[in-house]
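# Architecture at a glance
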Amino acid sequence: MSSEAIRFDRVAMDFGKVQALDGVSLHIEQGQVVALLGHNGAGKTTSIKMILGILRPTSGTVRVFGNDPANDINMTELRKQMGYLPENLSFYPQLSGRETLQYFARLKDADKQQQDQLLEEVGLLHAADRRVKTYSKGMRQRLGLAQAMLNQPKLLVLDEPTVGLDPVATRELYNKIEQLKQQGATIILCSHVLSGIEEHIDRALILSAGKILAQGSIEELRKEAQLPMTIRVRGKIANKEWLEQLPAQGVSTQFVNGSQYILSAAASHKISLLHALGQEKNIEDIDINMPTLESIYTYYNTRNKAEGSDRQAVTHDE
Ligand code: ATP
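In this report, we go over the structure that sits alongside the text.

Cut-offs and rules
Residues numbered from 1 in each chain as written. Predicted model: local features only at pLDDT ≥ 70, side-chain atom pairs only at ≥ 80, totals over all residues. Heavy atoms only, no water. Pairing = 2+ DSSP bridges. Helix = DSSP H or I, 4+ residues; strand = E, 2+ residues; numbered from the N terminus. Axes fitted to C-alpha atoms, helices over the stretch in contact; angles between N-to-C directions. Contact = heavy atoms within 4.5 Å. Near = heavy atom within 4 Å. Polar contact = N/O pair within 3.5 Å; in protein donor to acceptor, adjacent residues only side chain to side chain. Areas by Shrake-Rupley, 256 points an atom, 1.4 Å probe, with all protein chains shown as cover. Nonpolar A, V, L, I, M, F, W, Y, C, P; charged D, E, K, R; others polar.

### Considering the sheet that holds strand β8 (residues 203–208)
Taking strand neighbours across the sheet as the criterion, the 6 strands line up as β5-β6-β7-β3-β8-β9 in an open arrangement whose pairing is mixed. Each edge of the sheet is formed by a strand with only one pairing partner; in this case those strands are β5 (82–85) and β9 (211–216). Across the sheet, the mean angle separating the axes of adjacent strands is 15 degrees when strand polarity is ignored. Note: strand β3 (residues 33–38) against β8, 5 bridges, orientation parallel. Considered in β8, the bridge of L36 is made with L205. Along the sheet, helix α1 (residues 44–51) contacts β3, β5, β6 (155–159), β7 (186–190) and β8; its crossing angle with β3, the most-contacted strand, is approximately 140 degrees. Contacts from helix α5 (residues 137–148) reach β5 and β6 within the one sheet, and its direction differs from that of β5 by about 165 degrees.

### Details of the environment of E224
Inspection of the secondary structure puts E224 in helix α7 (residues 218–225). A sequence separation of 10 residues divides E224 from A214, and the C-alpha atoms of the two residues are 9.3 Å apart.

### Notes on the site of the ligand
In the vicinity of the ligand, 13 residues are found, and the nearest of them are G41, G43, K44, T45 and T46. In the environment of the ligand, an oxygen atom lies 2.7 Å from a nitrogen or oxygen atom belonging to the side chain of K44. Starting from 640 Å² of accessible surface for the ligand in isolation, the protein chains cover 61%. The set of elements that each furnish at least two residues to the shell around the ligand consists of β2 (18–29) and α1. Looking at the shell around the ligand, its residues break down into 4 nonpolar, 7 polar and 2 charged.

Shown next as structure tokens:
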């Protein structure tokens, strides 16, 4: 049996003259946490709607657990095991939190007993009988998460899940995501907030103007982008000879604040640099900064923009 949860093959989606997706091919394995990243209008929501079977592609194929999400009869049951938190979920203001969850549970044929447990997990049990119109933004977001987690989903799609959540609730959300992943769930996170997300994901997909710019694990993307890591060294490096020959090996060196060295190089130099620094006797501290998801994301978008203007220039010249 395939362990693939989602596959797009050359998927295109046109809304009149707007091409929301333009030949997108991607795959997501079961049990992975994947970030779907992209600027406004990149095509994230369109992709999600296709996964949920709400939209059919203009061309190309979409498969969810091997089925066509917009057509297959098998999807009726599968859909009950899919959780979705849209970016702007609205609730009936007069219903209480508990009634709201009961309403969603009926739509998904979910077990009644789960409801209080879910309310507790998202920290809303104390407010379960209060009307939703009295909830704060963060409380509404927690309620949205609770409804997405009904039926212990096999596939969970969360659009901007941390918006409105305080740091404690954000940490709890990632703990829950990790727990669902351990149970075999596949999780897609759509987000504009990149900081803090990378340690919780297995892979990232970067979309721009309906096209995939990059997909892979953070390690793979770092390798492909060849962005430098930096090592900040506090204290004295005695082996000046070693330091002086570093630039010839592709490691740039800087001495700042009268007491700190900054070494920048491709990540592949990390171990050999640390090994050499380990021989030094007068080093007080070392900080290693690997390229962040944010810098990787910026790299691919900037490269894409530059290639776009190159293409335009060529067309113009012709
Ligand atoms: P955001 O981060 O702003 O939510 P997104 O990446 O989710 O953006 P989409 O909502 O998928 O982007 O939109 C992709 C493109 O398709 C945009 O140009 C959008 O205007 C267009 N689009 C999406 N839905 C429709 C529609 N129903 N009719 C016309 N155009 C649409």
